[in-house]
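What the coordinates show
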Amino acid sequence: MTTLDCRGMLCPLPVIKLAQAFPGLAVGDTITVLADDPAAATDIPAWCRMRSQALVSAAGGTYVVRKLA
């Protein structure tokens, strides 16, 4: 499992960091994004929908995304 610590980063950096790390993951892998920017609560789920990836969980500034394809 990969973890990105994006705490202290403002929008859109957490999503950009997620997008940059995603190609290095295998299908089925998960990546955890730690983000304290309130915009991440909207941006990360939206990114998952647009990219057809699975948002496994989102709670307390911790977002777990699974690569589906």
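Along each chain, residues carry numbers from 1 onward, in the same order as the chain's sequence is written. Under the rules for a predicted model, residues below a pLDDT of 70 receive no local features and side-chain atom pairs below 80 are neither given nor counted, while totals for whole chains, interfaces and linings still include all residues. Side-chain measures were taken over the full set of non-hydrogen atoms in the model, leaving aside hydrogen atoms and water.

Under an unreviewed UniProt entry, the chain has the name tRNA 2-thiouridine synthesizing protein A and belongs to Kribbella amoyensis. UniProt positions are given in the numbering used here, feature names are shortened, and annotations may be inferred rather than shown by experiment. Recorded in UniProt under Sequence similarities (unreviewed entry), the annotation for the chain is "Belongs to the sulfur carrier protein TusA family."

1. Regarding the pattern of salt bridges
One speaks of a salt bridge when a side-chain nitrogen belonging to Lys or Arg is within 4 Å of a carboxyl oxygen belonging to Asp or Glu. Applying the stated criterion to the full structure yields 1 salt bridge. Between Asp 5 and Arg 7 there is a salt bridge whose closest N-O contact spans 2.7 Å.

2. Focus on the UniProt feature "domain: UPF0033" (unreviewed entry) in the chain
Mapped onto this numbering, the UniProt entry annotates "domain: UPF0033" (unreviewed entry) at residues 4-28. Under the DSSP-based scheme used, a helix requires at least four consecutive residues in state H or I and a strand at least two consecutive residues in state E, with every element numbered from the N terminus. Helix makes up 36% of residues 4-28 and strand 8%, with an end-to-end C-alpha separation of 17 Å.

3. Quick notes on the nonpolar core
Only buried Ala, Val, Leu, Ile, Met, Phe, Trp, Tyr and Cys residues count toward a nonpolar core, and they belong to the same one when joined by side-chain atoms within 4.5 Å. Partly exposed describes any residue whose relative accessible area lies between the buried limit of under 20% and the exposed limit of over 50%, with all areas from a 1.4 Å probe on protein chains only and scaled to the type maximum. The biggest cluster of nonpolar side chains holds 15 residues, and the ones touching the most others in it are Leu 18, Phe 22, Ile 31, Val 33, Ile 44, Trp 47 and Val 65. Of all the secondary-structure elements, those providing two or more residues to this core are α1 (13-21), β2 (30-34), α2 (40-50) and β4 (62-66). Here this core gets 4 residues from one element, more than from any other, and that element is α2.

4. Some words on the sheet that holds β4
Pairing between the strands of a sheet is mediated by backbone hydrogen bonds and can be parallel or antiparallel. Judged by pairing direction, the sheet is mixed, and its 4 strands sit side by side in the order β1-β2-β4-β3 without closing on themselves. Pairing within the sheet leaves two strands with one partner each, and these edge strands are β1 (2-5) and β3 (54-59). Going across the sheet, the axis of each strand differs from the next one's by a mean of 15°, ignoring polarity. Where β1 lies against β2, 4 bridges are found, and the strand directions are parallel. In this description, strands pair whenever DSSP reports at least two bridges between them. Only the contacting stretch of a helix is used when fitting its axis, a line to C-alpha atoms as for every element, and angles between N-to-C directions run 0 to 180 degrees.

5. Let's talk about α1
Turning to α1, its buried residues are Pro 14, Val 15 and Leu 18. Burial along α1 is one-sided: seen end-on, the buried residues are contained in an arc of 95°. Buried residues in α1 make contact with β1, β2, α2 and β4. The directions from the helix axis to the C-beta atoms form the arc being described. Two residues qualify as a contact provided that any one of their heavy atoms is within 4.5 Å of a heavy atom in the partner residue.

6. Topic: α2
When α2 is considered as a whole, its buried residues turn out to be Ala 40, Ile 44, Pro 45, Trp 47 and Cys 48. One face of α2 carries all of its buried residues, which in axial projection span an arc of 155°. In this structure, α2 carries Thr 42, Arg 49 and Met 50 as exposed residues pointing more than 90 degrees from its buried face. On its buried face, α2 sits against α1, β2, β3 and β4. Two residues or fewer past α2, Ser 52 is found with a positive phi of approximately 55°.

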